[in-house]
Structure formats: C-alpha cells, structure tokens
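Listed here are the chains, written in short residue letters.
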Amino acid sequence: MKRSMIPVSYLNQPLFQDLLSRAEEEFGYDHPMGGLTIPCSEDVFQHITSCLSGL
C-alpha cells in the first residue's frame, strides 16, 4: 500500500466520489491511523488522479 495526498477539490468530482463510496462499502471510514483505503490498484488510482488534475 502507498499513501497519497490529494487536493480537496477532488472530493467533489463524481469519479472520485465513486471511489469513496466503494471504499466505504468495502472498508468503512473508521481507520485508527487516520488514512482511507481506496479499493483499486495503484495504477488505476494514479490514472484517476491524473485525469482529475486536468480539470
């Protein structure tokens, strides 16, 4: 697993909101270390964030 920081503006994007919904379904939001686990590969996550950075 890799830790990534994203701009807050991504949270309003439908594509990222879908990832957050999937994360909630699979892992929930209660993480003792404060992170959030996104249920996709690192390559897919990088692709999504690179697409969002162009908006």
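In the block above lies the structure referred to throughout.
Residues numbered from 1 in each chain as written. Predicted model: local features only at pLDDT ≥ 70, side-chain atom pairs only at ≥ 80, totals over all residues. Heavy atoms only, no water.

(A) Local environment of the overall build of the protein. For the protein, the helix and strand inventory stands at two helices and zero strands. Relative to the compact-globule value of 10 Å for 55 residues, the protein shows a C-alpha radius of gyration of 11 Å, a close match. Seen through its principal axes, the protein has C-alpha atoms that stretch 30 × 20 × 15 Å. Across the 55 residues in the protein, those meeting the buried criterion constitute 24%. Put simply, of all contacts in the protein between residues at least 6 apart along the chain, 40% involve residues at least 24 apart. When the accessible area of the protein is evaluated, it comes to approximately 4300 Å², of which 54% is carbon and sulfur surface. (Helix = DSSP H or I, 4+ residues; strand = E, 2+ residues; numbered from the N terminus. Rg over C-alpha atoms; globule rule 2.2 N^0.38 Å. Buried < 20%, exposed > 50% of the residue type's maximum accessible area, 1.4 Å probe, protein only. Contact = heavy atoms within 4.5 Å. Areas by Shrake-Rupley, 256 points an atom, 1.4 Å probe, with all protein chains shown as cover.)

(B) How the structure looks around the pattern of salt bridges. The tally for this structure, following the rule as stated, stands at one salt bridge. A salt bridge links Glu42 to Lys2; the nearest nitrogen and oxygen atoms lie 3.5 Å apart. Note that Glu42 is positioned in helix α2 (residues 42–53) and Lys2 in the segment before α1 (14–27), a separation of 40 residues in sequence. Residue Glu42 is classed as partly exposed on the basis of its relative accessible area of 43%. You can call Lys2 exposed: its relative accessible area is 55%. (Salt bridge = Lys/Arg side-chain N within 4 Å of Asp/Glu carboxyl O.)

(C) Summary view of the packing of aromatic side chains. Tallied over the entire structure, the rule returns two aromatic pairs. Ring centres of Tyr10 and Phe16 lie 6.3 Å apart, and the angle between their planes is 55°; on these two criteria the pair is classed as tilted. Taken individually, Tyr10 and Phe16 each receive the classification buried, so the pair is uniform in this respect. (Phe/Tyr/Trp six-rings, centres within 6.5 Å; stacked < 30°, edge-to-face > 60°.)

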